[in-house]
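A structural walkthrough
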Amino acid sequence: MKTALTIAGSDSGGGAGIQADIKTMSALGVFGMSVITAVTAQNTMEVRSVQNIDVDIIRDQIEAVFDDIRVDAVKIGMLANAATVQVVTKTLQKYKPQHIVLDPVMISKGGHYLLQDSAVNALIKELLPIATLVTPNIPEAEVLVGNAVQTEDDMYKACIRLREMGPNSVLIKGGHLVGDSNDLYYDGVDFHWFKSKRIATKNTHGTGCTLSSAIAANLAKGVTMLEAVQSAKAYITTAITHSLELGSGYGPTNHFYDLYEKANGIKRDV
Ligand SMILES: Nc1ncnc2c1ncn2[C@@H]1O[C@H](COP(=O)(O)OP(=O)(O)OP(=O)(O)O)[C@@H](O)[C@H]1O
Ligand SMILES: Cc1ncc(CO)c(N)n1
C-alpha cells in the first residue's frame, strides 16, 4: 500500500488539519501517517486556543516514521512558529522524501494566526526551497511575494515569483477571489488553470488541507504532478459540493469516497 505523511496541526472539530488530511488520504486509498505540530481547540466557528508541540517531539515523530516505514509523499500544513519550521526542514533534509507538498497555512477562516509572523522568513528561506509543490491561498501568496494578488494577471506574476523562491512547482488557489474558484499552476515551463464554478456554500472549512493532502496522496500513487493536481481538484470540488451542515460556522467538506467515484467515473485502485 502507498503511504503519505502529514506534518500539521490537530483540529478538534475534525474539518481541517491532521484530521482532514488523514480522511482524505484514506478516501483516496493511501495509508495516512501524522506528525502533530500543534493542538488547536477548534470548531467550525473559531480557534479557541492552541498548544504548540515541543520541537524535540516533532523531530522524534518524523524520525520514528521515516526510520521504520516507507514514506511515498509528505504534506506539510500548520507549522505554528519559526522553531517548528526549522526542525521540520532540518529533519526532512535528512530523509529527502521524493514529494513534499507544502500548504503554507497562516490564518484560519475565523482569523486566528496559525503561523507567527516571525516564522514567515524561515518558511521562505528554509522550507520553500525543498518543496516539490507549494499551495498558497490568495492571502498567503500575498504575504509570500510581498504584494497584492487580486487579478488573474497578479496570479501569473505571483506564480513566477514564488517559483523563483525555490519550490519545483506552485499552485495558487483562487478560493478567496470573487467569481469562479480557479487555481493557477506553474512548474517553471507551463502554466495550467484548474477551474471550477464557485459552489454556493459556507461549508469550506479545511478545503486547503483537503486539496494539498489529495495532491500528496495522488503523488504517493506515482502519477505526474499535473495529474495529481487535476484529480485532487476534482476531489475537493466533489467534497465541497457535498459539504456537511455540521456546526454553526464554516462546516467541513465531505470525504465520502463513493461521491467522488460517482462524480468522476473513477474506480478505487487499491
Ligand atoms: N466555494 C467554492 N467553490 C468551489 N471551489 C472552492 C470554493 N472554495 C474553495 N474552493 C477550492 O478549494 C480549494 C482550496 O482553496 P482555498 O482558497 O479555499 O484554500 P484555503 O484558504 O487554504 O483553505 P482552508 O484555509 O480552509 O484550509 C481550491 O481548489 C479552491 O479553488
Ligand atoms: C489545525 C489547522 N490547520 C489548518 C487550518 C486551515 O484551514 C486550520 N483551520 N486548522
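You'll find the structure just up there.
Summary of the structure given here. Just so we're clear, the structure is a prediction, and the values are computed from it rather than from any experiment.

**Considerations on the site of ligand 2**
If you check the shell around ligand 2, you find 15 residues, and the closest are G9, A16, G17, M78 and S108. Every element with two or more residues in the shell around ligand 2 is listed here: β1 (3–11), β2 (31–42) and α7 (207–220). No other element matches the three residues that β1 contributes to the shell around ligand 2. For the shell around ligand 2, the class distribution of residues is six nonpolar, eight polar and one charged.

**Looking at the site of ligand 1**
In the vicinity of ligand 1 there are 23 residues, among which N137, G175, S181, I199 and G208 approach most closely. Put simply, the parts of the chain that give the shell around ligand 1 at least two residues each are α7 and α8 (225–241).

**Some details on the packing of helix α1 (residues 17–27) against α7**
Closest axis-to-axis distance for the α1/α7 pair is 8 Å, and the angle between their directions is 40°. Overall, the two elements α1 and α7 adopt an arrangement that is oblique. Of the two possible hands of crossing, α1 and α7 adopt the one that is right-handed. On the side of α1, the interface is formed by G17, A20, D21, T24 and M25, while α7 contributes C209, T210, S213, A214 and A217. Among the residues forming the contact of α1 with α7, the class breakdown is five nonpolar, four polar and one charged.

**Notes on the sheet that holds strand β6 (residues 133–134)**
Sheet architecture is open: nine strands sit in the order β3-β2-β1-β4-β5-β6-β7-β8-β9, paired in mixed fashion. With one partner strand each, in any of the chains shown, β3 (47–52) and β9 (191–194) form the two edges of the open sheet. α8 contacts β6, β7 (169–172), β8 (183–186) and β9 of the sheet and is inclined by roughly 15° relative to β9.

**Focus on the nonpolar core**
Counting residues in each nonpolar core, the largest one holds 72 residues, and the members touching the most others are V74, L79, I215 and A216. Of the residues forming this core, the biggest block, eight residues, is contributed by α8. Apart from the residues within four sequence positions on either side, V74 is in contact with L5, I7, L92, P97, H99, I100 and A216.

**Observations regarding the environment of I172**
In this fold, I172 is placed in strand β7. Sequence-distant contacts of I172, that is, excluding residues within four places in its chain, are made with P136, A141, M155, A158, C159, D183 and L184.

**Digging into the pairing of β2**
By the bridge criterion, nine bridges tie β1 to β2 in an arrangement that is parallel. By the bridge assignment for β2, I7 is matched with V35. This β-α-β element, β1 to α1 to β2, shows right-handed connectivity. Note that β2 and β3 share five bridges and pair antiparallel. Pairing of A41 across the sheet is with S49, part of β3. Between β2 and β3, which follow one another and run antiparallel, lie four residues.

Reading the values: the criteria
Residues numbered from 1 in each chain as written. Chains lettered and ligands numbered in written order. Predicted model: local features only at pLDDT ≥ 70, side-chain atom pairs only at ≥ 80, totals over all residues. Near = placed C-beta within 6 Å. Helix = DSSP H or I, 4+ residues; strand = E, 2+ residues; numbered from the N terminus. Nonpolar A, V, L, I, M, F, W, Y, C, P; charged D, E, K, R; others polar. Axes fitted to C-alpha atoms, helices over the stretch in contact; angles between N-to-C directions. Parallel < 35°, antiparallel > 145°, perpendicular 65-115°, else oblique. Left-handed = near helix turned anticlockwise from the far one by under 90°. Contact = placed C-beta atoms within 7 Å. Pairing = 2+ DSSP bridges. Core = buried A, V, L, I, M, F, W, Y, C linked by C-beta atoms within 7 Å. Buried ≥ 20, exposed ≤ 12 C-beta atoms within 10 Å, placed from the backbone. Right-handed = clockwise from strand over helix to strand, strands pointing away.

In short, the description is geometric, and any link to function would need to be established separately.
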